[in-house]
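# Reading the structure
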Amino acid sequence: NKDLLIAAQAWCGPGHPLLLLHGMGGTLLTWATVIPHLSKSHEVICMDLRNHGHSGSGSWNWDAVLDDVEAVLTHFDAKDAIIVGHSLGGTIATLYARAHPDIQGIVNLDGFGLGKPEEYTSLPLGSVTACLSQLCEMFASECGKSFSSEEIDGIVRESGQEADQLGFPRALYE
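Scope of this entry: the structure provided in the associated data block. The structure presented is a predicted model; accordingly, all values stated were derived computationally and were not measured.

How each quantity is defined
- Residues numbered from 1 in each chain as written.
- Predicted model: local features only at pLDDT ≥ 70, side-chain atom pairs only at ≥ 80, totals over all residues.
- Heavy atoms only, no water.
- Pairing = 2+ DSSP bridges.
- Helix = DSSP H or I, 4+ residues; strand = E, 2+ residues; numbered from the N terminus.
- Axes fitted to C-alpha atoms, helices over the stretch in contact; angles between N-to-C directions.
- Contact = heavy atoms within 4.5 Å.
- Expected span 1.5 Å × (residues − 1).
- Buried < 20%, exposed > 50% of the residue type's maximum accessible area, 1.4 Å probe, protein only.

### Re the sheet that holds strand β1 (residues 8–11)
- Taken in spatial order, the 5 strands line up as β1-β3-β2-β4-β5 in an open sheet, and their pairing is mixed. Taken across any chain shown, the strands that pair with only one partner, and hence form the sheet edges, are β1 and β5 (106–109). Recorded for the sheet is a direction-independent mean angle of 15° between the axes of neighbouring strands.
- Inspection of the sheet shows strand β2 (residues 18–21) paired to strand β4 (residues 82–86) by 4 bridges, in the parallel sense. Bridge pairing in β4 links Leu19 to Ile83.
- Here helix α3 (residues 88–99) sits on the sheet and contacts β2, β4 and β5; the angle it forms with β4, its principal contact strand, is near 145°.

Below you can see the structure in the form of structure tokens.
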């Protein structure tokens, strides 16, 4: 990205490129256990989201994050990548797909993604539309809020625990 250094790494594989996006508090190393398997059949690209891992710190807003994703895809000449995101990464993948409807595909692993009203086949369309609208308003109002020092400490603590579980040095998560 022109405005911010985004850390990214690619593993060469013979097939279609995949861009893997980690969740909040994670890093590209979140995917370390699956990269060897996926790279047997795909080019695998991982990135540290802004304010995570070795990427630079910058304001957090969805447009900026989507621009970061676009910059990584451009850098690796992988505009046709399938984006796989976990948690926050799943939300980003969903938002990217909404902004780029011609994308090859996404995989949203436990990320926020509301879907379309007609996808809730067992519920009344009017009720679903109203609920989705309320949820969108609620999530939009939460964007751009600052974390308290206690919340940041909690995220760092959880990231350290994740590093310990995966056998990675804690410094990679800071």
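### Considerations on α3
- Between its terminal C-alpha atoms α3 stretches 17 Å, which fits the 16 Å expected from 12 residues at 1.5 Å a residue.
- Burial of α3 is extensive: 9 of the 12 residues sit out of reach of the surface.
- Where α3 is buried, its residues meet β2, α2 (62–75), β4 and β5.

### Comments concerning unusual backbone geometry
- One non-glycine residue, Asn51, adopts positive backbone phi at about 70°.
- Within the secondary structure, Asn51 is located in the loop between β3 (44–47) and α2.
- A relative accessible area of 36% places Asn51 in the partly exposed class.
- The phi dihedral of Asp77 is positive, around 50°, even though this residue is not glycine.
- By the secondary structure assignment, Asp77 is in the loop between α2 and β4.

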